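Secondary and tertiary structure notes
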Amino acid sequence: MRLNDGRSFAASEIVLCAGAYTGKLSRLLGEPIPLETERGYHTQIMAPGISMRHSIIWPARAFMVTPTAGGIRVGGTVEMAGLDAAPDYRRAKVLVKRAQEALPDLRAEKATEWMGHRPALPDTVPIIGPSAKHRGVFYATGHGHLGLTYAATTARLIADLVTGVQPPIDLKPYRVDRF
Ligand SMILES: Cc1cc2nc3c(=O)[nH]c(=O)nc-3n(C[C@H](O)[C@H](O)[C@H](O)COP(=O)(O)OP(=O)(O)OC[C@H]3O[C@@H](n4cnc5c(N)ncnc54)[C@H](O)[C@@H]3O)c2cc1C
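Residue indices follow the written sequence of each chain, beginning from 1 at its first position. Residues qualify for local features only when their pLDDT is at least 70, as the model is predicted, and side-chain atom pairs are given and counted only at 80 or more; totals for whole chains, interfaces and linings, by contrast, use all residues.

1. Here we look at the domain arrangement of the chain
For the record, the criterion: For the domain bounds, the source is a domain assignment made automatically or taken from a database. Once C-beta atoms have been placed from the backbone, residue pairs whose C-beta atoms lie within 7 Å are recorded as contacts. Lys, Arg, Asp and Glu make up the charged group, whereas Ala, Val, Leu, Ile, Met, Phe, Trp, Tyr, Cys and Pro make up the nonpolar group; the residues left over, Gly among them, are polar.
Domain assignment breaks the chain into domain 1 (14–35 + 123–178) and domain 2 (37–120). Inter-centroid distance (C-alpha atoms) of domain 1 to domain 2 is 29 Å. With 11 residues of domain 1 at the contact, the number on the domain 2 side is 7 residues. Here the side of domain 1 that touches domain 2 is composed, by residue class, of 3 nonpolar, 8 polar and no charged.

2. Thoughts on unusual backbone geometry
One can expect most non-glycine residues to show negative phi and most peptide bonds to be in trans. Rules: Strands are runs of DSSP state E lasting at least two residues, helices are runs of H or I lasting at least four, and both sets are numbered from the N terminus onward.
Unlike most non-glycine residues, Ala62 shows phi in positive territory, near 60 degrees. Summarising the element assignment, Ala62 is placed in the loop between strand 3 (56–58) and strand 4 (63–68). Despite not being glycine, Thr124 has its phi angle at roughly 60 degrees, a positive value. Within the element layout of this structure, Thr124 appears in the loop between strand 6 (109–120) and strand 7 (127–130).

3. Quick notes on the site of the ligand
Test applied: Nearness here has a simple definition: the residue's C-beta atom, placed using the backbone, must lie within 6 Å of the molecule or strand.
Near the ligand, the surroundings consist of 20 residues, among which Gly19, Gly40, Gly116, Gly147 and Leu148 are the closest. When residues of the shell around the ligand are traced back to their parent elements, those giving at least two are strand 2 (36–47) and strand 6. For the shell around the ligand, the class distribution of residues is 7 nonpolar, 12 polar and 1 charged. No fewer than three residues from each of domain 1 (14–35 + 123–178) and domain 2 (37–120) sit in the shell around the ligand.

4. Observations regarding the sheet that holds strand 1 (residues 14–16)
Condition: Pairing between two strands is assigned when DSSP locates at least 2 bridges connecting them. Interaxial angles span 0 to 180 degrees and are taken between N-to-C directions of axes, which are lines fitted to C-alpha atoms, for helices over the stretch in contact.
Taking strand neighbours across the sheet as the criterion, the 3 strands line up as 1-8-7 in an open arrangement whose pairing is mixed. A strand with exactly one partner marks an edge of an open sheet, and here the two such strands are strand 1 and strand 7. Shown here is a sheet whose adjacent strand axes are inclined to one another by a mean of 20 degrees, direction ignored. Pairing of strand 1 with strand 8 (residues 137–141) involves 3 bridges; the strand directions are parallel. Residue pairing for strand 8: Val15 is matched across the bridge by Phe138.

Here's what the structure looks like:
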């Protein structure tokens, strides 16, 4: 395997877990998967002028506001624009406007904007399992909106597969060749 910085090394097992970019890698291995990116945005506000004790979610307006260390974070939206398009930060600004409808005293001072990729599959179920074509290759991708939530569970399952331990659940629903 060769890394972008020029280093290369041999591995008997490899886990492809590059989020929405995993599709590019699987295509190189002749194993295309219908992986898309659901791009999302957030604005981290370090001087919001309000304090919050818990998160709020407004499903109808598709955003949430979460207290974080030293500030609050307003996040949401789904943008289907692929891996390469530049971020459209108007989406982050709209989220803040919506949050201000719910929280009129919210100020957007000392704010930074961010765009991230949610790796998404058509059936919204992740791929967790071995390659159907290459021995020693494993996939862990496609967790969509819940990749942070499922990170530890996925790591545990993949560790079992890589080390040859029987996973505690049936991983058939998560197989790579189900599409
Ligand atoms: C606005 C927003 C809010 C979200 N909120 C939540 C939430 O509240 N709860 C939740 O559970 N999930 C949430 N998610 C979803 C979560 O962020 C993703 O599901 C999760 O990040 C996917 O994890 P991953 O490790 O598969 O991919 P990523 O986190 O995308 O990590 C993949 C990594 O692989 C690297 N990479 C790519 N190509 C290569 C390569 N060729 N070689 C080496 N490295 C490579 C990338 O740089 C990246 O660091 C949110 C996402 C967004 C955008």
